[in-house]
Amino acid sequence: MVAQIRHKTKDQAWQGAIRDMTTSSFISDSKRESLDTKCHMAHVDMKEGTSALQSEVSTSAEELEQLCGKEVAAADIELERMRWDFVLAKLKYEHEDNEKQRLHEERMQQIHQQAVKRPFSQGLQDLLQPPNPYALFLYCFIVIHVIYTVKELSFYFFQTHYLFCFAIVVFYILKKIFQDYKNKKKYS
């Protein structure tokens, strides 16, 4: 019996502490007051009865009041938890957006400073200068293969179209001779 009384007093103290906590902004004060009023009215109605089982009724009234208090407190706690979860999620996304914006501004500032520092020719040199030995090897590999491919294509073209190539060479030689002859006439 003493253990039950101690348990009830601990529960009542806990409920009182929960009720004293700040309540959620999702439940209006009028709704909260109406819930408290209903619980109180049920308690008063139960106590007004004058039957022989009044002690049992008062215990039931106390249990009803505790039950109403527990439900209200649990709902308040759940709503407060949901509100704080929402606020935390909102702050997290705002922080991420601010961080992305800050990094973007830093990158743009670095690019702008690099563009202002160097003239255009320096930018080309940096573009062609390999950042590491592997890139240098890749550049050399590409240049060597381009030279080899151009050489092979030119030899193939000369071998298959040797008459056409001969005609082009003769045409340019005659054109050069004709231009030299014209220039000699003009200056003489």
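No experiment lies behind these values; they were computed from the predicted model shown.

Assigned secondary structure in the chain consists of 6 helices and 0 strands. From first element to last, N terminus to C terminus, the chain shows the α and β order α-α-α-α-α-α. Each of the 188 residues in the chain was classed as buried or not, and the buried ones make up 9%. Considering only intrachain contacts with a sequence separation of at least 6, the fraction spanning at least 24 residues in the chain is 56%. Summed over its atoms, the accessible surface of the chain is roughly 16600 Å², and 65% of this surface lies on carbon and sulfur atoms.

For the rest of this paragraph, the subject is the side chain of glutamate 80. Its place among the elements puts glutamate 80 in helix H3 (residues 54-117). Here the side chain of glutamate 80 touches tryptophan 84 through a polar contact of 2.8 Å, side chain to side chain.

With that out of the way, let us pick up the packing of aromatic side chains. A complete count under the given rule lists 4 aromatic pairs for this structure. Put simply, the rings of Phe157, Phe158 and Phe164 pair up and form one aromatic cluster. Directly above the ring of tryptophan 84 sits arginine 83, whose terminal nitrogen or CZ lies 4.7 Å from the centroid.

A separate point is the pattern of salt bridges. For the coordinates displayed, the defined rule picks out 7 salt bridges. One salt bridge in this structure joins aspartate 180 and lysine 176, with 4.0 Å as the shortest N-O distance. With aspartate 180 and lysine 176 both in helix H6 (residues 162-187), this residue pair falls 4 residues apart, about one helical turn. Exposure remark for aspartate 180: the relative accessible area of 35% places this residue in the partly exposed category.

Together, Phe137, Leu138, Tyr139, Phe141, Ile142, Val146 and Val150 line one region of the surface with nonpolar side chains, adding up to about 690 Å² of accessible area. Within the secondary structure layout, isoleucine 142 lies in helix H5 (residues 133-160). Overall, the relative accessible area of 44% leaves isoleucine 142 in the partly exposed class.

Structurally, glutamate 78 is set in helix H3. The class for glutamate 78 is partly exposed, based on a relative accessible area of 36%. Here the side chain of glutamate 78 touches arginine 81 through a polar contact of 2.4 Å, side chain to side chain.

Right, let's get into the packing of H5 against H6. At a minimum axis distance of 5 Å, the contact between H5 and H6 shows a crossing angle of 95 degrees. Considering the angle they form, H5 stands roughly perpendicular to H6. Here Phe157, Phe158, Gln159 and Thr160 of H5 come into contact with H6, specifically with Tyr162, Phe164 and Cys165. For the contact of H5 with H6, the residue count by class is 5 nonpolar, 2 polar and no charged.

Take the confidence of the model for the chain next. Of the residues in the chain, 61% reach a pLDDT of 70 or more, and the chain-wide mean stands at 75. The least confident element of the chain, judged by mean pLDDT, is helix H1 (residues 2-20) at 54; the most confident is H5 at 91. Here residues 20-28 scores under 50 on pLDDT; set against residues more than four positions off or in separate chains, the count is 15 contacts. Overall, residues 50-54 carries pLDDT values under 50, and its contacts beyond four positions in sequence, including any with other chains, amount to 3 contacts.

Cut-offs applied
Residues numbered from 1 in each chain as written. Predicted model: local features only at pLDDT ≥ 70, side-chain atom pairs only at ≥ 80, totals over all residues. Heavy atoms only, no water. Helix = DSSP H or I, 4+ residues; strand = E, 2+ residues; numbered from the N terminus. Buried < 20%, exposed > 50% of the residue type's maximum accessible area, 1.4 Å probe, protein only. Contact = heavy atoms within 4.5 Å. Areas by Shrake-Rupley, 256 points an atom, 1.4 Å probe, with all protein chains shown as cover. Polar contact = N/O pair within 3.5 Å; in protein donor to acceptor, adjacent residues only side chain to side chain. Phe/Tyr/Trp six-rings, centres within 6.5 Å; stacked < 30°, edge-to-face > 60°. Lys NZ or Arg CZ within 6 Å of the ring centre and 35° of its normal. Salt bridge = Lys/Arg side-chain N within 4 Å of Asp/Glu carboxyl O. Patch = residues over 30% accessible without salt bridge, like charges linked within 9 Å, V, L, I, M, F, W, Y side chains within 5 Å. Axes fitted to C-alpha atoms, helices over the stretch in contact; angles between N-to-C directions. Parallel < 35°, antiparallel > 145°, perpendicular 65-115°, else oblique. Nonpolar A, V, L, I, M, F, W, Y, C, P; charged D, E, K, R; others polar. pLDDT = per-residue confidence, 0-100.

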